[in-house]
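Remarks on the overall topology
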Amino acid sequence: MLRAGLLPALFVAAVLPAAARPLAPGEDVQAAVETAAVGEVLELLPGLHHGPVLLDRPVTLAGREGAVLEGPGQGSIVTVTAEGAAVRGLLLRGSGSDVPGMDSAVLLRQSAKRAVVEGNRMEGNLFGVYVHGAEGAVVRGNTILGRAGGRMAEHGDGVAVWNAPGARIESNDIRFGRDGIFVKTSKQNIFTGNRLRDLRFGVHYMYTNNSEVSGNISSGNHVGYAIMFSQRLSVRDNISEGDRDHGLLFNYANGSTITNNWVIGQTAATDRRAEDQVDREHAVPVGDEVSGVAPTKCVFIYNANRNHFTGNRFEGCGIGVHFTAGSEGNEITGNAFIGNRTQVRYVGTRHLDWSRAGRGNYWSDNAAFDLDRDGIADAAYRPNDLVDRVLWVAPSAKILLNSPAVQVLRWAQSQFPAILPGGVVDSRPLVTPPPLPEAAPGWPR
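The following refers to the structure shown. Computed from a predicted structure; not experimentally measured.

**Side note on the side chain of D370**
You can see D370 is positioned in the loop between β41 (362–363) and α3 (386–393). Despite its burial, D370 pairs with no opposite charge; the closest candidate is R373, at 7.1 Å N-O. A distance of 3.2 Å separates a polar atom in the side chain of D370 from the backbone nitrogen of D374. Here the side chain of D370 touches G375 through a polar contact of 2.9 Å, landing on its backbone nitrogen. Filtering out sequence-adjacent residues up to four positions away, D370 remains in contact with G375, I376, D378 and V431.

**What to know about unusual backbone geometry**
The phi torsion of most residues other than glycine is negative, and most of the peptide bonds are trans. In this chain, G51 is followed by P52 through a cis amide linkage whose omega measures 10°. A positive phi angle is found at M102, which is not glycine, with a value near 60°. Position of M102 among the secondary structure elements: in the loop between β9 (91–93) and β10 (104–108). Located in the positive-phi region is Y252, a residue other than glycine, with phi close to 55°. Along the chain, Y252 falls in the loop between β28 (246–251) and β29 (257–259). Classification of Y252 by relative accessible area gives partly exposed; the value is 36%.

**Thoughts on the packing of aromatic side chains**
Summed over all chains, the structure comprises 14 aromatic pairs. Between F300 and Y302, the aromatic rings sit 6.1 Å apart at their centres with planes inclined by 45°, giving tilted as the arrangement. The class for F300 is buried, based on a relative accessible area of 10%. On the basis of relative accessible area, Y302 is assigned to the partly exposed category, the value being 35%. Taking 5.5 Å as the distance between ring centres and 55° as the angle between the ring planes, the aromatic pair formed by F314 and F337 counts as tilted. Remark: F337 occurs in strand β38 (residues 336–338) and F314 occurs in strand β35 (residues 313–315); sequence separation between them is 23 residues. Considered together, F314 and F337 belong to a single accessibility category, that of buried residues. By the ring-pair criterion, three or more aromatic residues cluster together here, those being F314, F323, F337, Y346, W354, W363 and Y381. Sitting over the face of the ring of F201, R200 holds its NZ or CZ atom 4.7 Å from the ring centroid. The ring of F300 has K297 sitting right over it, with the charged end atom 4.4 Å from the ring centre.

The rules we used
Residues numbered from 1 in each chain as written. Predicted model: local features only at pLDDT ≥ 70, side-chain atom pairs only at ≥ 80, totals over all residues. Heavy atoms only, no water. Helix = DSSP H or I, 4+ residues; strand = E, 2+ residues; numbered from the N terminus. Buried < 20%, exposed > 50% of the residue type's maximum accessible area, 1.4 Å probe, protein only. Lys, Arg positive; Asp, Glu negative; His and termini not counted. Salt bridge = Lys/Arg side-chain N within 4 Å of Asp/Glu carboxyl O. Polar contact = N/O pair within 3.5 Å; in protein donor to acceptor, adjacent residues only side chain to side chain. Contact = heavy atoms within 4.5 Å. Phe/Tyr/Trp six-rings, centres within 6.5 Å; stacked < 30°, edge-to-face > 60°. Lys NZ or Arg CZ within 6 Å of the ring centre and 35° of its normal.

Rendered as structure tokens:
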């Protein structure tokens, strides 16, 4: 019979991995992989090691501090085809430049289910990690520095995901390149706790459903979160700070919940990229009326339907919400619109009430009274009128804003609401802003 004191020691021995096999600089890493046992850890010692490496069996390729795995400038540095394989703790550099070939620091093929890429540093590669069909893969805690300069649209992404159900991309710091995280034709993915800087789009969704974008921070990108042609998403607790064109962009995105996000604008120099660096596929026109402010629009909603926006804070943008192209059935309540040059730009003729169950939104420019002290303003708030519509169509009419005729028109609209155009009205506006969203808790601002 075993003594009780031996049981903890036997349990620890059972769960600890076998001792790692050290590989000194200059040793053949690929040869070591080909002779490795299932579950073995190959540990690269500090110094320069040469790729490419193919992980075609479930082993871990790890590095001690100072270990560098360098590719030959062609193809991917590490290609993983084995289910459950892992790449950890390496400095990876020297991928090729073939976009269709998916040249990456780490390329996860479709057979690499539940592979893990964790705690690496990737510098100057075309793609950082390409999850090409690897179901349940995890990309966690990596620092990914892409390529800077030149044509941004010709660079690769920090993390690219294609048809990889259940993949998790979390706690990565991604800078430079094309998009921070780009996903296409997938489902049930989670992108959480990432920091995304100096990119075209921080997060870019295409044809991906039933997924989550949470707790990320986007800073200094062209667009923070571009959600396109996707359904049933949870977009929550994210920050967009000083992104150039849009904090949040929803294009043909339907049936999603957008909660507790914070878009923070800032005055920006008009340092637009050179004309030859513009990505025509995703370019969105920017109006002169909001030049010098970043982002141009806190939220751009284009043909996006049945979404729920609540608890968000949209602050300091050229336009708080640009709402257009037949977007229907959206619920927008409990949000704060603070200090935007234009709170709402609604291109349409229907009457939309942005309140529900007796509760609307907070508007910083609403000089409201609350005589009964119930937290709800005593009069409805209308962000746009006939004069706004004239200015959208003919911006040169701004010269007439202070004319007596315009002042009389605005007075008449306030006295006779029946002559107001169709558009957004908040019938139950809040008199105090909701609490600040507790967004992106993993990244200090």
